[in-house]
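Now for the letters of each chain:
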Amino acid sequence: MLDNNKINNNPLREHIVLALIGAIAASVIEFLPIMVGAVSDHLQASPDVAGFIFMSNFLGIAVGTLLSIVAMRQLSLKACFLLGIILILFAELWSAFISNTDVLAIVRFLSGIASGIISGSVAAAITLFPRQKRGFGLYMLGMFATSGVGLFILPYIIGDYGTKGLFISLSVLAGIALVLLRFLALPEPEKENRNSASQSQPLTVNLKEIIALLGCILFLMVGIGGSWAFYERLGLEWGFTIDDIVFVLSISAVCGLTAFFVEQSEKLLKSHYLILLGVAITLLSIVFLSTSYKGFSFYTISLFLTGCGWAYTVPVVQGALDRISKGNKNAAALSMLMYWCGLSFGLWIHGYILNATESFQITLLSCGFFYSLSLVCALSVIYYNRSKKLIASEPLTPDVDFQ
C-alpha cells in the first residue's frame, strides 16, 4: 500500500519524474524555433501558415488542459498521464508522414490535446506535494534542459531527414515518458475541509488577485509566443549562421536554473514583487532586440533574458495561485490553460504580423506591448494584495448604543 507520509516527506524523485514527463509533453514549445523553421523550409510554408500550424498545436493544448480538469474527476492522475502519453505518441508518428499543411494542422491540434492532458495533470500532481514552488521550478528547469539538448541535436536530424525525422524524434520522447511513468508514485489527494479558516477571506479580493495572476501569465506568454517562435528566423535575418543560432538556443537551457531559485529569492522579496521583477526582465529582452545595432551579443542577451523571465515568473505565479486557492487542482490546471492559450495566440498573432509587414521590428514591438500588459497585471497583483491586507487589518467597529 502507498505510504503517503513517506512520499510527502521526500517528493524530490517524484518532482523530477513529473518535470521530465511534463517537459516531454511541452516539447512543442521547447523546440518551437526549430520546428517553425523546419515546416517553413521542408513543407514550403509561409510564416503565417507555419504559425497557424503550431497555433493549432497550442490551441489543442489549451483544450486538452480543460479536458484534464474533467478527466481528473473521473480517472486517477496516473490514468490521465497514460491516456495523454499514448495519444501524443500516435499523433507524433502520424505527423511524421504528413506533407499537406492543412492535414498537419489538424493532427498537431490532436497532439496538442494530448500534451494539454499531460500538462494539466502535471500541474495538479505537483499540488499534492509540499513545496509546490520547487516542483514548478523543477518543471521549468526540465523544460529548458530538454530544450537545450533537443535544440542542439534536432537541426542535424532535420537536415538529414526533414520533418519526418523531427516528429519521429518527438515520438521517441513520448516513449521515454511512458517508461518514466512506471517510476512515478503519487500520494492520495487530501479531502478539502470546507469549514476551514482559509475560507473566511473575502472572496472578491481573492478573485481579483487570481484574475490578475492569470492575466499576467496570459499576456506574458502571448509576448513570448511571438518572440521565442521566430528567434531562429530573426537570427538568419540578422546574418548569423545556423550553427551560431543553434548554439545560443541550446545553451539557453541554463536559463531554466533561475526557476530553481524561486524559493530562495522569496526570502528577500515577497512573491508579488518577484512576479513584477520576472515580467520586467522579459520586457527588457525586447529593448535589446529593438536596438539599431544587430549584433550577436544583443541577440544572445535578449534570448537569455526571455528565458530567465519566462522560467522565473511562471513558478512564482503558480506558487501564488496555489497559496490563494489552497492547493486547488483546478486552479493549477487553469493557470496552465492561460499558459498555453497565450502561446497559441501569441504565435498566431505575431506570425500574421510578420507575414503582413515583413518587419521583425514591428513584430517585436507587438511582443513588447503584450509584455507591458503583463506588467500592468503584475502591478495589479501588488495592489490587490495590499488591499487584502488593509481589509484584514481593519478593526471591527463596536456597536454603539445611542439610547
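Residues numbered from 1 in each chain as written. Predicted model: local features only at pLDDT ≥ 70, side-chain atom pairs only at ≥ 80, totals over all residues. Heavy atoms only, no water.

Colleague: I'm lost on the pattern of salt bridges in this one. Help?
Modeller: A side chain with one charge can pair with a side chain of the opposite charge if their charged atoms come near. Counted according to the given criterion, the structure contains two salt bridges. For the salt bridge of glutamate 14 with arginine 13, the shortest nitrogen-to-oxygen distance reads 2.8 Å. On the basis of relative accessible area, glutamate 14 is assigned to the buried category, the value being 4%. The class of arginine 13 is partly exposed, set by a relative accessible area of 49%. Of the charged contacts, one joins glutamate 92 and arginine 108 as a salt bridge, the two residues approaching to 2.8 Å between their closest N and O atoms. With a gap of 16 residues between them, glutamate 92 in helix H6 (residues 77-95) and arginine 108 in helix H7 (residues 101-126) connect regions that are remote in the sequence. Judged by its relative accessible area of 2%, glutamate 92 falls in the buried class. (Salt bridge = Lys/Arg side-chain N within 4 Å of Asp/Glu carboxyl O. Buried < 20%, exposed > 50% of the residue type's maximum accessible area, 1.4 Å probe, protein only. Helix = DSSP H or I, 4+ residues; strand = E, 2+ residues; numbered from the N terminus.)

Colleague: Explain unusual backbone geometry to me, please; I cannot follow it from the model alone.
Modeller: Only a minority of non-glycine residues have a phi that is not negative, and only a minority of peptide bonds are not trans. With a phi close to 50°, glutamine 44 is a non-glycine residue in the positive phi region. Residue placement: glutamine 44 occurs in the loop between helix H4 (32-42) and helix H5 (47-74). Under the relative-accessibility criterion, glutamine 44 is labelled exposed at 64%. Unusually for a residue other than glycine, glutamate 358 sits at a positive phi of about 55°. Here glutamate 358 lies in the loop between helix H15 (329-357) and helix H16 (360-393).

Colleague: Looking at this structure, I do not really get H4. What am I missing?
Modeller: Think of an α-helix as turning once every 3.6 residues; residues three or four places apart then point the same way. With nine of 11 residues buried, H4 lies mostly within the body of the structure. By the burial criterion, the buried members of H4 are Leu32, Pro33, Ile34, Met35, Val36, Gly37, Ala38, Val39 and Ser40.

Colleague: Looking at this model, I keep getting lost on the packing of aromatic side chains. Mind explaining?
Modeller: Given two aromatic rings, their pairing is described by the distance between the two centres and the angle made by the two planes. Considering all chains together, one arrives at nine aromatic pairs under this definition. Ring plane angle 65° and centroid distance 6.3 Å describe the contact between phenylalanine 152 and tyrosine 156, whose orientation is recorded as edge-to-face. Taken together, the residues span about one helical turn, with phenylalanine 152 and tyrosine 156 both in helix H8 (residues 132-180) at a distance of four residues. The rings of Tyr231, Trp238, Phe240, Phe296 and Tyr299 are connected pair by pair, giving a single aromatic cluster. (Phe/Tyr/Trp six-rings, centres within 6.5 Å; stacked < 30°, edge-to-face > 60°.)

Colleague: Would you mind showing me how to read the nonpolar core here?
Modeller: By size, the foremost hydrophobic cluster in this structure holds 122 residues, and its most contacted members are Ile29, Phe81, Trp228, Trp310 and Tyr339. If one sorts the elements of this core by residue count, H8 sits on top with 15 residues. Aside from chain neighbours lying at most four places away, what touches tryptophan 310 is Ile29, Met140, Met143, Phe144, Met221, Ile224, Trp228, Thr282 and Tyr339. (Core = buried A, V, L, I, M, F, W, Y, C linked by side-chain atoms within 4.5 Å. Contact = heavy atoms within 4.5 Å.)

Colleague: Would you explain a nonpolar patch on the surface in this entry?
Modeller: A contiguous nonpolar patch, built from Leu93, Phe97, Ile168, Val172 and Ile176 and spanning about 440 Å² of accessible area, is present on the exposed surface. As for its position among the elements, leucine 93 is in helix H6. (Patch = residues over 30% accessible without salt bridge, like charges linked within 9 Å, V, L, I, M, F, W, Y side chains within 5 Å. Areas by Shrake-Rupley, 256 points an atom, 1.4 Å probe, with all protein chains shown as cover.)

Colleague: Would you mind showing me how to read the confidence of the model for the protein here?
Modeller: The predicted coordinates should not be examined in detail at positions where pLDDT is low. For the protein, the mean per-residue pLDDT works out to 80, and 88% of the residues sit at or above 70. When pLDDT is averaged over each element of the protein, H6 comes out on top at 92 and helix H1 (residues 4-9) at the bottom at 48. Across residues 192-205 the pLDDT falls below 50, and counting only partners more than four positions away or on other chains, this stretch makes 10 contacts in the model. (pLDDT = per-residue confidence, 0-100.)

Colleague: Explanation requested: the environment of tyrosine 293 in the structure shown.
Modeller: Turning to its location among the elements, tyrosine 293 is positioned in the loop between helix H13 (271-289) and helix H14 (296-325). Relative accessible area serves as the criterion here: at 52%, tyrosine 293 is assigned to the exposed category. When the C-alpha positions of tyrosine 293 and tryptophan 238 are compared, they lie 9.9 Å apart, and in sequence the two are 55 residues distant.

Colleague: What's the story with the packing of H8 against helix H11 (residues 242-251) in this structure? I'm lost.
Modeller: Geometrically, a packed helix pair is captured by the angle between its two axes and the distance between the axes. Running from N to C, H8 and H11 cross one another at 160°; their axes reach a closest spacing of 7 Å. Judged on the interaxial angle alone, H11 and H8 are roughly antiparallel. The way H8 lies across H11 gives a crossing that is left-handed. Here Gly148, Leu151, Phe152 and Pro155 of H8 come into contact with H11, specifically with Val246, Leu249 and Ser250. (Axes fitted to C-alpha atoms, helices over the stretch in contact; angles between N-to-C directions. Parallel < 35°, antiparallel > 145°, perpendicular 65-115°, else oblique. Left-handed = near helix turned anticlockwise from the far one by under 90°.)

Colleague: Explanation requested: the side chain of threonine 313 in the structure shown.
Modeller: In this structure, threonine 313 sits in helix H14. With relative accessibility at 0%, the residue threonine 313 sits in the buried group. Reaching out from threonine 313, the side chain makes a polar contact with the backbone oxygen of glycine 309 at a distance of 2.5 Å. Look past the residues within four positions of threonine 313 in its chain and what remains in contact with it is Leu220, Ile275, Gly278 and Val279. (Polar contact = N/O pair within 3.5 Å; in protein donor to acceptor, adjacent residues only side chain to side chain.)

Colleague: Would you explain the side chain of serine 285 in this entry?
Modeller: Note on placement: serine 285 falls in helix H13. Of the polar contacts made by the side chain of serine 285, one reaches the backbone oxygen of threonine 282; its length is 2.5 Å. Setting aside its immediate chain neighbours within four residues, serine 285 contacts Ser302, Leu305, Thr306 and Tyr371.

Colleague: When you look at the environment of threonine 146 in this model, what are you seeing that I'm missing?
Modeller: With respect to the element layout, threonine 146 can be found in helix H8. Taking the C-alpha atoms as reference, threonine 146 lies 8.1 Å from leucine 20; in sequence the two are 126 residues apart. For threonine 146, the contacting residues outside a window of four places in its chain are Ala23, Glu30 and Phe31. A polar side-chain atom of threonine 146 sits 2.7 Å from the main-chain carbonyl oxygen of glycine 142.

Colleague: In this structure, what is going on with the packing of helix H2 (residues 12-25) against H7? I would like to understand it.
Modeller: The geometry of H2 relative to H7 is characterised by a closest axis approach of 9 Å and an angle of 160° between their N-to-C directions. On the basis of their axis angle, the class for H2 and H7 is roughly antiparallel. For the crossing formed where H2 meets H7, the hand is left-handed. Between H2, through His15, Leu18, Ile21, Gly22 and Ala25, and H7, the contact on the second element is made entirely by Ser115, Ile118, Val122, Ala125 and Ile126. Counted by class, the contact of H2 with H7 contains seven nonpolar, three polar and no charged residues. (Nonpolar A, V, L, I, M, F, W, Y, C, P; charged D, E, K, R; others polar.)

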